[in-house]
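Here are the chains, one letter per residue:
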Amino acid sequence: ALAGGLGNDKGPERPVVFLHFTRDPDGRIVAAQQAGGHSTPLGEWRDGEWCSVHIRLDWEKEVAGFLVQHDADSDSTAQTPFLWVPFKSKCSSGCRYLLLYNQTGDFEASWTD
């Protein structure tokens, strides 16, 4: 989550972006959660491959643009457009924290701006 505050055990405070990776019988999905708990699928992730999620924030329109890429597909996704999703919380005026939840032992994350 990219959030304005740390929050508590119920979640981050004023999250602008809440991104989650799920694994269920239908597949492996990267999704962004919106206000009200609705999730928008952004793409799939694969076992054994690095999955990059690029995020662009448009503060005026209160939307976040997402692009999901895999190392193996980096050449073919160069022209892929961003998928734009409304902010999870419209009352946030900025992101001060990157919060990572429920990581498994083989999970690795990095952040660049």
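Refer to the structure presented above.
What this report covers is the structure whose coordinates are included nearby. (Residues numbered from 1 in each chain as written. Predicted model: local features only at pLDDT ≥ 70, side-chain atom pairs only at ≥ 80, totals over all residues. Heavy atoms only, no water.)

Description of the packing of aromatic side chains
Then, number 1: In the structure shown here, the tally under the stated rule is 2 aromatic pairs.
Then, number 2: A centroid spacing of 5.3 Å and a plane angle of 65 degrees characterise the contact between Trp 59 and Phe 87, whose relative ring orientation is edge-to-face. Here Trp 59, found in the loop between strand E6 (51-58) and strand E7 (63-70), pairs with Phe 87, found in the loop between strand E8 (83-86) and strand E9 (97-98); they are 28 residues apart in sequence, far enough to count as distant.
Then, number 3: Trp 59 sits in the partly exposed class, given a relative accessible area of 37%.
Then, number 4: You can call Phe 87 buried: its relative accessible area is 2%.
Then, number 5: Plain terms: the ring middles of Phe 82 and Trp 84 are 6.4 Å apart, the flat faces sit at 35 degrees to each other, and that makes the pair tilted.
Then, number 6: Residue class for Trp 84 comes out partly exposed when judged on its relative accessible area of 43%.
Then, number 7: Geometry around Trp 45 places Arg 28 over its ring, the cationic atom sitting 5.7 Å from the centre. (Phe/Tyr/Trp six-rings, centres within 6.5 Å; stacked < 30°, edge-to-face > 60°. Helix = DSSP H or I, 4+ residues; strand = E, 2+ residues; numbered from the N terminus. Buried < 20%, exposed > 50% of the residue type's maximum accessible area, 1.4 Å probe, protein only. Lys NZ or Arg CZ within 6 Å of the ring centre and 35° of its normal.)

Notes on the sheet that holds E8
Then, number 1: Read from one edge to the other, the open sheet built from 3 strands follows the order E6-E7-E8, with strand pairing classed as antiparallel. Only two strands of the sheet have a single partner each, and these edge strands are E6 and E8. Sheet twist, expressed as the mean angle between neighbouring strand axes with direction ignored, is 30 degrees.
Then, number 2: Note that E7 and E8 share 4 bridges and pair antiparallel. Across the sheet, Phe 66 pairs through a bridge with Leu 83, a residue of E8. (Pairing = 2+ DSSP bridges. Axes fitted to C-alpha atoms, helices over the stretch in contact; angles between N-to-C directions.)

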